[in-house]
Amino acid sequence: MFLPLKVKICLVVTAKIIKKMSDEYFQKISELNAAEIPFAVATVIKITGSVSAKPGAKSIINDKGETLFGWVGGGCAEEAVREASLESMRDGETRIVPLDLDDEILGVGMPCGGTMEVYVEPYLPRPELIIVGHGRIAEILAQLAHTVHFSVTVNDSGATREAFPMADQLITSDLDFSQLIVGPKTYVVVVTQHKGDQHSIKKALEGKGPYIGLVASTKRAKLVFEYLLDEGVAPEELKRVHSPAGLDFAGTTPEEIALSIVSEMVTIRRGGSGKPMMKIKKVSPV
């Protein structure tokens, strides 16, 4: 089919623009993921009527509500998509946002005309697990946590890359817990075989993370708790320490113990109940 030269030039320029935007989009996604920065991608999936954005239009919004790339509509949609993106980053859930651009009162604030649906997907940094200690339980913990997409840091003077091939970071100075940044999203498991575990637990408590596990005998755990109480740690704070760590698998091997601990971490991270799925879903063979 013959096309006029101007049309051909227009098509070539349009293709180059689309490719450049696509390259910029994936480059920005890659940069944000590499830097472990939370963000959300908003994608227009459906429109009706007079809507400026087209299906497939995308934007990237960071955790401050700033648009880093793209566009899914002007003032009519921007604020609603921004709020939905922030919410998705808070709860980790995807959502479809219906926007009524016709209704000035019940819609998004401006009668732009038409409707649109925007799919919002959060991209969150991996949660961090700090393992303090060494041994077979610690090694399996690191492997399993990596498998379920935790960033793993091992802090132990005896830690080696051969023992912890999946770890993102090894800190081998002698229990120098001060090097670690323990934040509100940091999971900590202490498996030091009693060497300074009270100091590690105290540091972990200061970080206010979602999970602190102590692998120790009942007698040793009691001694650790007594020490921390004497140090002025509030009893309510000590209730945040899981010891014995893990769910009740009745496991005895290091592999089974590590699996029960990772299962408890995932349960807390995802807000699960720890109950059998058959009971949750009310499935019965009868």
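Now for a quick tour of the structure. (Residues numbered from 1 in each chain as written. Predicted model: local features only at pLDDT ≥ 70, side-chain atom pairs only at ≥ 80, totals over all residues. Heavy atoms only, no water.)

Read across the sheet, six strands follow the order β8-β7-β6-β9-β10-β11 without closing on themselves; strand pairing throughout is parallel. What marks the edges here is a single partner per strand, and that holds for β8 (169-171) and β11 (241-242). (Pairing = 2+ DSSP bridges. Helix = DSSP H or I, 4+ residues; strand = E, 2+ residues; numbered from the N terminus.)

In the structure shown here, the tally under the stated rule is five aromatic pairs. Geometrically, the ring pair formed by Tyr 25 and Phe 69 is tilted, given 5.7 Å between the ring centres and 50° between the ring planes. Pair noted here: Tyr 25 is in helix α1 (residues 5-34) and Phe 69 is in strand β3 (residues 67-70), with a separation of 44 residues, a long-range link. A residue is classified by how much of its surface remains accessible, and Phe 69, at 14% relative accessible area, is buried. Among the aromatic residues, those joined into a ring-pair cluster are Tyr 25, Phe 26 and Phe 69. One Lys or Arg, Arg 269, reaches over the ring of Phe 150 and ends 5.7 Å from the middle of that ring. (Phe/Tyr/Trp six-rings, centres within 6.5 Å; stacked < 30°, edge-to-face > 60°. Buried < 20%, exposed > 50% of the residue type's maximum accessible area, 1.4 Å probe, protein only. Lys NZ or Arg CZ within 6 Å of the ring centre and 35° of its normal.)

Across the five residues that make up strand β7 (residues 151-155), a large majority, five, are buried. The alternating pattern of β7 places Ser 151, Thr 153 and Asn 155 and Val 152 and Val 154 on opposite faces, both of which are buried. Both strand β6 (residues 128-133) and β7 contribute to a ladder of five bridges, which runs parallel. By the bridge assignment, Glu 128 is partnered in β7 with Ser 151.

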